[in-house]
Amino acid sequence: MSIAMHEAGITLYHYPESLCSQMVRLALEEKGLSWKSHPIMLNDVVLEGDNLTPEYLAINPKGFVPTLVHNGKPVYDSWVIIDYIDRANPESGTQLTPKDPFNRERMKALMVEASLDESKFFGVSLGTAIPILSAPVIRYCIKQQPFLQFWWKYRKHPVFHRRWGARLVTLMPVPSLLAAKCERTTGLALRNIESLLASGGDYLLGEYSQADIMMTAHFHRLEDVALGALLADGQLPNIAAYWRRVQARSSYSKAIVDWHEPNWRKALQAVFKGEASPSLDRIRKIAVA
Ligand SMILES: N[C@@H](CCC(=O)N[C@@H](CS)C(=O)NCC(=O)O)C(=O)O
């Protein structure tokens with residue numbers, strides 16, 4: 001992997017199917033910016049992954065994707081990167097920040113709820129619950145790899161709970177209390193989004209914003225992990241209409257669908273076999289209560 005810290009323009013280090021990478025690619029597409037792609041295969045998807053190599057750790061010391069490098073300077077954390085992209089390019093493409101200060105604050109609150117913030121416990125927010133709903137897929141990917149080699153390689157993960165979380169996933173499924181917490185958090189978030197959209201706007205805050213970018217990636221992931229019925233079955237009609245609307249934007253195909261990656265797709269098929277997730281009814285019950 002070459003290091004692009006010195007390069008001019010925008011370089012994105014990303015894994016095609018990672019939630020946070022999808023968010024950043026959506027922002028780049030909405031802004032109509034050109035950027036250079038450095039795909040990073042994650043070690044919890046394939047053992048020969050790149051995110052724990054010394055070269056990548058020099059770019060992102062936490063070993064996470066995505067990293068956006070702009071004119072040689074790295075920017076971390078998807079929600080920070082999305083905001084950075086919008087601020088650095090105020091005249092390009094879609095304006096992703098509401099002009100109204102009240103809506104700006106509401107956008108920030110939605111983004112906190114939607115962010116995969118590693119300083120929080122899993123399950124306390126939508127952004128930290130969705131990865132746990134994806135854990136069976138990660139577990140499948142990890143279990144394709146030689147156990148000891150995976151444990152050895154993951155000793156290098158700089159973030160303590162990721163180092164041990166990923167290793168524990170090889171030994172047992174997600175504990176049922178944590179899984180239930182994440183289902184509840186997801187159900188409550190969907191209930192809130194349904195009532196937010198019921199006020200009549202096309203998007204979460206009326207006009208399209210950074211919050212819609214984050215939600216689009218989360219909804220895509222819900223579909224991936226066999227929970228798509230939540231977004232389509234009419235019990236949450238405003239969400240269903242919203243989901244069709246964000247999918248119809250050209251950014252959705254360019255930033256998400258066009259980046260489908262065979263290892264991840266194979267794992268989804270192997271885990272769910274085309275059937276609904278066992279979490280579906282429990283989440284739906286909370287969301288439509
Ligand atoms: N706070 C970071 C979290 C990024 C993150 O957790 N990325 C995941 C993929 S969505 C990752 O790099 N996982 C690999 C690992 O932890 O080894 C962000 O929002 O960008």
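A quick note: this is a predicted structure, and the numbers were derived from the prediction, not measured.

Draft legend 1. Structural view of the environment of alanine 129. Checked against the element boundaries, alanine 129 lands in helix α5 (residues 126-133). A count of 27 C-beta atoms within 10 Å places alanine 129 in the buried class. For the pair alanine 129 and leucine 178, spaced 49 residues apart in the sequence, the C-alpha separation amounts to 9.1 Å. If sequence neighbours within four positions are ignored, alanine 129 has contacts with Gly123, Cys182, Thr185 and Thr186.

Draft legend 2. Representation of the nonpolar core in the model. In this structure, Met23, Val24, Ala27, Ile82, Ile132, Ala211 and Met214 are the most contacted members of the largest nonpolar core, which totals 77 residues. Counting contributing residues per domain, this core is built from domain 1 (10-88) and domain 2 (101-287), each supplying no fewer than three. Sequence-distant contacts of alanine 211, defined by excluding residues within four places in its chain, comprise Met107, Leu110, Met111, Ala114, Leu204 and Leu205.

Draft legend 3. Seen up close, the domain arrangement of the protein. The assigned domain composition of the protein is domain 1 (10-88) and domain 2 (101-287). Spacing between the C-alpha centres of domain 1 and domain 2 amounts to 18 Å. Contacts between the two partners involve 26 residues from domain 1 and, on the opposite side, 32 residues from domain 2. Listed by contribution, the elements that provide at least two residues to the side of domain 1 that touches domain 2 are α1 (19-31) and α3 (78-88). Among the elements that take part in the side of domain 1 that touches domain 2, α1 stands out by supplying nine residues, more than any other.

Draft legend 4. Quick peek at the site of the ligand. If you check the shell around the ligand, you find 19 residues, and the closest are Ser18, Cys20, Phe64, Ser78 and Arg162. When grouped by side-chain class, the residues that make up the shell around the ligand number seven nonpolar, seven polar and five charged.

Draft legend 5. Fine view of the sheet that holds strand β4 (residues 73-76). With mixed pairing, four strands are arranged side by side in an open sheet as β2-β1-β3-β4. Each edge of the open sheet is held by one strand with a lone partner, namely β2 (36-39) and β4. Pairs of neighbouring strands in the sheet enclose a mean axial angle of 20 degrees, with direction left out of account. Two strands pair when backbone bridges link them, and strand β3 (residues 67-70) and β4 are joined in this way by four bridges, in the antiparallel orientation. Counted as the bridge partner of leucine 68 is valine 75 from β4.

Draft legend 6. Layout of unusual backbone geometry. Each neighbour pair has its own omega, and for valine 65 with proline 66 the value is 0 degrees, a cis peptide bond. When you line up the elements, proline 66 lands in the loop between α2 (54-59) and β3. Backbone geometry places asparagine 71, a non-glycine residue, at a positive phi of 45 degrees. Relative to the assigned elements, asparagine 71 resides in the loop between β3 and β4. The exposure class assigned to asparagine 71 is exposed, which follows from the 12 C-beta atoms found within 10 Å. For alanine 226, which is not glycine, the phi torsion reads 65 degrees and is therefore positive.

Draft legend 7. Structural view of helix α4 (residues 101-114). Counted at 1.5 Å a residue, the expected span for α4 with its 14 residues is 20 Å, and the 20 Å between its end C-alpha atoms agrees. When we look at burial in α4, the residues that qualify are Met107, Leu110, Met111, Glu113 and Ala114. The buried residues of α4 occupy an angular sector of 155 degrees when projected down its axis, which confines them to one face. Of the exposed residues in α4, the ones pointing more than 90 degrees away from its buried face are Pro101, Phe102, Glu105 and Ala109. Looking at the buried side of α4, the elements it contacts are α3, α5, α9 (176-197) and α10 (210-224).

Quick notes on the rules
- Residues numbered from 1 in each chain as written.
- Predicted model: local features only at pLDDT ≥ 70, side-chain atom pairs only at ≥ 80, totals over all residues.
- Helix = DSSP H or I, 4+ residues; strand = E, 2+ residues; numbered from the N terminus.
- Buried ≥ 20, exposed ≤ 12 C-beta atoms within 10 Å, placed from the backbone.
- Contact = placed C-beta atoms within 7 Å.
- Core = buried A, V, L, I, M, F, W, Y, C linked by C-beta atoms within 7 Å.
- Domains from an automatic or database assignment.
- Near = placed C-beta within 6 Å.
- Nonpolar A, V, L, I, M, F, W, Y, C, P; charged D, E, K, R; others polar.
- Pairing = 2+ DSSP bridges.
- Axes fitted to C-alpha atoms, helices over the stretch in contact; angles between N-to-C directions.
- Expected span 1.5 Å × (residues − 1).
- Arc of directions from axis to C-beta.

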